[in-house]
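Structure at a glance
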Amino acid sequence: QVQLVESGGGLVQAGGSLRLSCAASGRTYSTRTMAWFRQAPGKEREFVAAITWNGASKYYADSVTGRFTISRDNVKNTAYLQMNSLKPEDTAVYYCAADTRWSSGYYSREEYDYWGQGAQVTVSS
């Protein structure tokens, strides 16, 4: 079992920045990939970014490339999402996810077996 707890969400003006954190506990040694997804009202949950267990590879949705940066600290068992140049369309609940089954992909919700409770990010125009 892996438990994930997000923090760092909030309200920010367009063009501003926020950093989300995802603290993992439990069987963290079994985690292959950590990822962030988001879900806006009335929309499906969508992929934002993912990072492999050693941080060597990172993957981003086109909509956030160049603005968001994913990272992880395996000593602290924490993943981060630095969000810069935020836009109103980034408003959503952001979810942290972990893959402990060593799936082959990164972009699909089905690749991840543990999820956090979500953190609200609201960007005002």
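Refer to the preceding data block for the structure.
A brief structural summary. (Residues numbered from 1 in each chain as written. Predicted model: local features only at pLDDT ≥ 70, side-chain atom pairs only at ≥ 80, totals over all residues. Heavy atoms only, no water.)

Thoughts on the state of the cysteines
Evaluated as defined, the whole model comprises one disulfide. A sulfur-sulfur separation of 2.0 Å characterises the disulfide bridge that pairs C22 with C96. Sign of the S-S torsion, about -80° for the bond between C22 and C96, identifies this disulfide as left-handed. One end of the pair, C22, is in strand 3 (residues 18-26); the other, C96, is in strand 9 (residues 92-99), with 74 residues separating them in the sequence. Here C22 matches C96 in class, with each residue buried. (Disulfide = S-S within 2.5 Å. Helix = DSSP H or I, 4+ residues; strand = E, 2+ residues; numbered from the N terminus. Buried < 20%, exposed > 50% of the residue type's maximum accessible area, 1.4 Å probe, protein only.)

Points about the pattern of salt bridges
Per the stated rule, a full pass over the model turns up five salt bridges. A salt bridge links E46 to R38, with the shortest nitrogen-to-oxygen separation between them at 2.7 Å. D90 serves as the salt-bridge partner of R67, at 2.7 Å between the closest nitrogen and oxygen. Pair noted here: R67 is in the loop between strand 6 (58-60) and strand 7 (68-73) and D90 is in the loop between strand 8 (78-83) and strand 9, with a separation of 23 residues, a long-range link. Note on accessibility: R67 and D90 belong to one class, buried. (Salt bridge = Lys/Arg side-chain N within 4 Å of Asp/Glu carboxyl O.)

Comments concerning the nonpolar core
Formed by 35 residues in total, the largest nonpolar core has its most connected members in L4, W36, L81, M83 and Y94. Mapped onto this core, the elements with two or more residues apiece are strand 1 (2-7), strand 3, strand 4 (33-39), strand 5 (46-52), strand 7, strand 8, strand 9 and strand 11 (119-124). The contacts of L81, once residues within four sequence positions are left out, are L18, R19, L20, W36, V48, A49, F68, T69, I70 and Y94. (Core = buried A, V, L, I, M, F, W, Y, C linked by side-chain atoms within 4.5 Å. Contact = heavy atoms within 4.5 Å.)

A short note on the environment of M83
Note that M83 resides in strand 8. Note on M83: relative accessible area 0%, which makes it buried. Distance in space between the C-alpha atoms of M83 and G15 is 9.9 Å, their sequence separation being 68 residues. In contact with M83, not counting residues within four places along its chain, are G16, S17, L18, L20, R67, F68, Y94 and V121.

Some words on the side chain of T78
Here T78 is to be found in strand 8. The buried category is assigned to T78, whose relative accessible area is 12%. A polar contact is formed between the side chain of T78 and the backbone oxygen of K76, at a distance of 3.0 Å. In this structure, T78 is in contact with S21, C22, A23, R72 and D73, ignoring residues within four places of it in sequence. (Polar contact = N/O pair within 3.5 Å; in protein donor to acceptor, adjacent residues only side chain to side chain.)

Focus on unusual backbone geometry
Located in the positive-phi region is N77, a residue other than glycine, with phi close to 55°. With respect to the secondary-structure elements, N77 resides in the loop between strand 7 and strand 8. Judged by its relative accessible area of 29%, N77 falls in the partly exposed class. Of note, the phi angle at S85 is positive, near 50°, even though the residue is not glycine.

Details of the sheet that holds strand 8
What the four strands build is an open sheet, ordered 1-3-8-7; its pairing is antiparallel. Only two strands of the sheet have a single partner each, and these edge strands are strand 1 and strand 7. Put simply, the sheet's adjacent strands are angled 15° from each other on average, direction ignored. With six bridges joining them, strand 3 and strand 8 adopt antiparallel strand pairing. From the neighbouring strand, L20 faces strand 8, where its bridge partner is L81. (Pairing = 2+ DSSP bridges. Axes fitted to C-alpha atoms, helices over the stretch in contact; angles between N-to-C directions.)

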